[in-house]
Amino acid sequence: MSRLGQRPPDWAGQHLLDVTDLSAGAIELILERAEVARERVSTGSLPLDDLRGRRLALLFVEPSTRTRLSFEIAARNLSGDVVHVDVPTSSMVKGESIPDTVRTLHALGVETIVMRHPRSGAPWLAANYFPGHMLNAGDGWHAHPSQALLDLFTLRRAFGEHGLRGRKVAVVGDILHSRVCRSNLWTLTGAGAEVWLCGPRALLQGFEAWAKAMPADRRFNVTDDLDAALRDADAVMALRIQRERMDEALAGSLGEYVSRYRISEERLGLARPAAPVLHPGPVNEGIEVTGELAAGPRSLVLEQVRNGVPVRMAILSLVAGRE
Ligand code: ASP
């Protein structure tokens with residue numbers, strides 16, 4: 001029987017709700033195990049047995065392509081039995097509550113739930129009523145732990161042995177509504193990177209106060225000046241303008257956003273010569289980045305997608321794998 005690995009006896013988490021719950025050692029273990037998983041995926045040495053005989057439910061109350069599919073592929077690569085809750089045809093549309101839904105899933109033999117929800121905090125509520133493992137696949141504006149871990153994994157691979165310490169990472173776009181940004185801020189600063197958050201003032205609300213409240217060893221800056229954010233950056237992460245979460249007043253004019261903040265080859269000239277471009281997707285091509293850049297040689301967008309599978313295999317084996 002072949003497994004990605006055992007859960008270490010001191011592994012702390014029954015759930016994965018936020019990256020802030022993970023120690024530096026736990027993050028390191030996930031990334032190391034993801035390297036092993038990546039190797040298994042690339043050589044086709046699958047499936048593994050970490051989730052054999054275990055049932056996992058994908059409960060996505062918000063749209064998703066990358067996260068949902070890569071969790072599904074990751075679970076199947078570990079021999080998990082995957083079921084989907086088809087939200088529009090489930091009793092959730094009849095007003096079934098979160099506690100009722102997750103207790104029902106448990107009664108049906110589900111041991112692990114991967115949950116996405118438009119409300120910040122929903123996976124914490126669900127975890128209170130679910131005796132198994134709860135994995136947060138993105139809640140409202142709040143957290144997206146597996147995305148931050150795959151972004152960290154992707155950047156570490158891009159930078160090689162020198163890692164992220166002392167690197168400048170510019171994050172540009174709709175900071176306000178981004179759970180990806182909030183989770184990345186924690187993991188990237190924890191890895192020693194200096195993060196620059198950049199976007200229109202209205203989409204930076206609250207982050208200046210947060211920057212001041214951060215522990216001194218975690219460095220991040222907030223600016224609406226794209227040139228300042230891009231200058232000498234070692235990597236640039238663009239974030240989607242989340243119009244579905246904005247009212248008209250906040251949305252402003254897309255044309256204005258494009259002329260001030262869209263990342264193009266020309267603007268990237270301010271960054272370090274080989275600085276890669278990331279985006280968690282889905283990319284609004286021509287808005288956050290130009291189409292050429294998103295599909296060009298400096299883009300790590302598809303590499304992020306590819307890395308989603310081994311990183312989620314590592315997470316599943318550690319959080320929900322058999323003893
Ligand atoms: N896919 C990411 C998320 O679910 C980013 C985005 O939607 O813009 O948060």
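Counting restarts for each chain: residues are numbered from 1 in the order of the written sequence. Local features in a predicted model are, by the rule used here, given only for residues with pLDDT of at least 70; side-chain atom pairs are given and counted only at 80 or more, and totals for whole chains, interfaces and linings are based on all residues. Working from all heavy atoms in the structure, the side-chain values ignore hydrogens and water.

Draft legend 1. Seen up close, the overall build of the protein. Secondary structure elements are defined from DSSP: runs of H or I of at least 4 residues count as helices, runs of E of at least 2 residues count as strands, and each element is numbered from the N terminus. Along the protein, the regular secondary structure elements total 12 helices and 9 strands. The atom set for the radius of gyration is the C-alpha atoms, and the globule formula is 2.2 Å times the number of residues raised to the power 0.38. Expected size for 323 residues packed as a compact globule is a radius of gyration near 20 Å; at 19 Å, the protein falls within 12% of this value. Working rule for contacts: check all heavy atoms of both residues, and any pair within 4.5 Å makes them a contact. Restricting to contacts in the protein with at least 6 residues of sequence separation, those with at least 24 account for 79%. Counted as positive: Lys and Arg. Counted as negative: Asp and Glu. His and the chain ends are not counted at all. To locate a charge, the coordinates of NZ of Lys, CZ of Arg, CG of Asp or CD of Glu are taken. If the 38 positive side-chain charges of the protein are averaged to one point and the 39 negative ones to another, these points end up 2 Å apart.

Draft legend 2. Focus on the site of the ligand. Nearness is defined per residue: one heavy atom within 4 Å of the molecule or strand is enough. All residues in the neighbourhood of the ligand are listed as Arg116, His144, Arg179, Val180, Arg240, Gln242, Gly281 and Pro282. The accessible surface values rely on the Shrake-Rupley method and a 1.4 Å probe; as for residues, cover is taken only from the protein chains in view. Surface burial for the ligand is 91%, taken as the share of its 260 Å² of free accessible area covered by protein chains. Each residue gets one of three labels, nonpolar for Ala, Val, Leu, Ile, Met, Phe, Trp, Tyr, Cys and Pro, charged for Asp, Glu, Lys and Arg, and polar for the others, Gly among them. Its residues assigned to classes, the shell around the ligand comprises 2 nonpolar, 3 polar and 3 charged.

Draft legend 3. Highlighting the sheet that holds strand 6 (residues 194-198). When DSSP finds two or more bridges between two strands, those strands count as paired. The strand order 7-6-5-8-9 describes an open sheet built from 5 strands, whose pairing is parallel. Two strands close off the open sheet at either side, each with one partner strand: strand 7 (220-223) and strand 9 (277-278). Alignment of strand 5 (residues 168-172) against strand 8 (residues 235-238), held across 4 bridges, turns out to be parallel. Counterpart to Val172 in the pairing with strand 8 is Ala238.

Draft legend 4. Main features of the environment of Arg272. Counting through the fold element by element, Arg272 comes out in the loop between helix 10 (254-261) and strand 9. The spatial distance from the C-alpha of Arg272 to the C-alpha of Leu230 is 8.7 Å, given a sequence separation of 42 residues. Setting aside anything within four residues of it in sequence, one finds Arg272 in contact with Asp232, Ala233, Asp234 and Arg298.

Draft legend 5. Expanded view of the pairing of strand 1 (residues 55-60). Only protein chains enter the accessibility calculation, which uses a 1.4 Å probe; a residue is then buried when its area is under 20% of its type maximum, exposed when over 50%, and partly exposed in between. Summarising burial for strand 1: 5 of the 6 residues are buried, a large majority. In this structure, strand 1 lies alongside strand 2 (residues 81-85), joined through 5 bridges in parallel fashion. Across the sheet, Leu58 pairs through a bridge with His84, a residue of strand 2. As a crossover connection, the stretch from strand 1 through helix 2 (residues 66-77) into strand 2 is right-handed. For a crossover, the right-handed case is the one in which the path from the first strand over the helix to the second runs clockwise, viewed with the strands pointing away from the viewer.

Draft legend 6. Structural context of the packing of helix 5 (residues 145-159) against helix 12 (residues 301-320). Two elements in contact, helix 5 and helix 12, have axes separated by 9 Å at closest approach and are oriented at 115°. As helix 5 runs across helix 12, the sense of the crossing is right-handed. Across the interface between the two elements, Ser146, Gln147, Leu149, Leu150, Asp151, Phe153, Thr154 and Arg157 of helix 5 pack against Glu303, Gln304, Asn307, Gly308, Val311, Arg312 and Ile315 of helix 12. Taken together, the residues that form the contact of helix 5 with helix 12 break down as 5 nonpolar, 6 polar and 4 charged. For helices, the fitted line uses only the C-alpha atoms of the stretch in contact; every axis is such a line through C-alpha atoms, and the angle between N-to-C directions lies from 0 to 180 degrees. What makes a crossing left-handed is the near helix being turned counterclockwise from the far one by less than a right angle; a clockwise turn instead makes it right-handed.

Draft legend 7. Region of interest: the side chain of Gln147. The topology assignment puts Gln147 in helix 5. Its relative accessible area of 5% is what places Gln147 among the buried residues. Not counting residues up to four positions away in its chain, the partners in contact with Gln147 are Val180, Pro280, Gln304 and Arg312.

Draft legend 8. The arrangement of the pattern of salt bridges in detail. Criterion for a salt bridge: a side-chain nitrogen of Lys or Arg within 4 Å of a carboxyl oxygen of Asp or Glu. Under the definition given, this model contains 17 salt bridges. Ionic pairing is found between Arg272 and Asp234, a salt bridge with its closest N-O pair at 3.3 Å. Of the two residues, Arg272 is situated in the loop between helix 10 and strand 9 and Asp234 in the loop between helix 8 (226-230) and strand 8; the sequence distance between them amounts to 38 residues. Given the relative accessible area of 41%, Arg272 is considered partly exposed. Three or more residues joined by partner-sharing salt bridges are found here, namely Arg38, Glu303 and Arg306.

Draft legend 9. How the structure looks around the pairing of strand 5. The buried count for strand 5 comes to 5 of 5 residues, which makes it a mostly enclosed element. In strand 5, alternate side chains face the same way, and those of Lys168, Ala170 and Val172 on one face and Val169 and Val171 on the other are all buried. Pairing of strand 5 with strand 6, which is carried by 5 bridges, proceeds in the parallel orientation. What sits directly across from Val171, in strand 6, is Leu197. On the question of chirality, the crossover connecting strand 5 to the parallel strand 6 by way of helix 6 (residues 179-190) is right-handed.

Draft legend 10. The state of the cysteines, seen in detail. Sulfur atoms of two cysteines make up a disulfide when they are within 2.5 Å. One pass over the structure, following the stated rule, counts 0 disulfides. Of all cysteine sulfurs in the structure, the one in Cys198 sits closest to Cys181, which takes part in no disulfide; the separation is 11 Å. Residue Cys198 is classed as buried on the basis of its relative accessible area, which comes to 0%.

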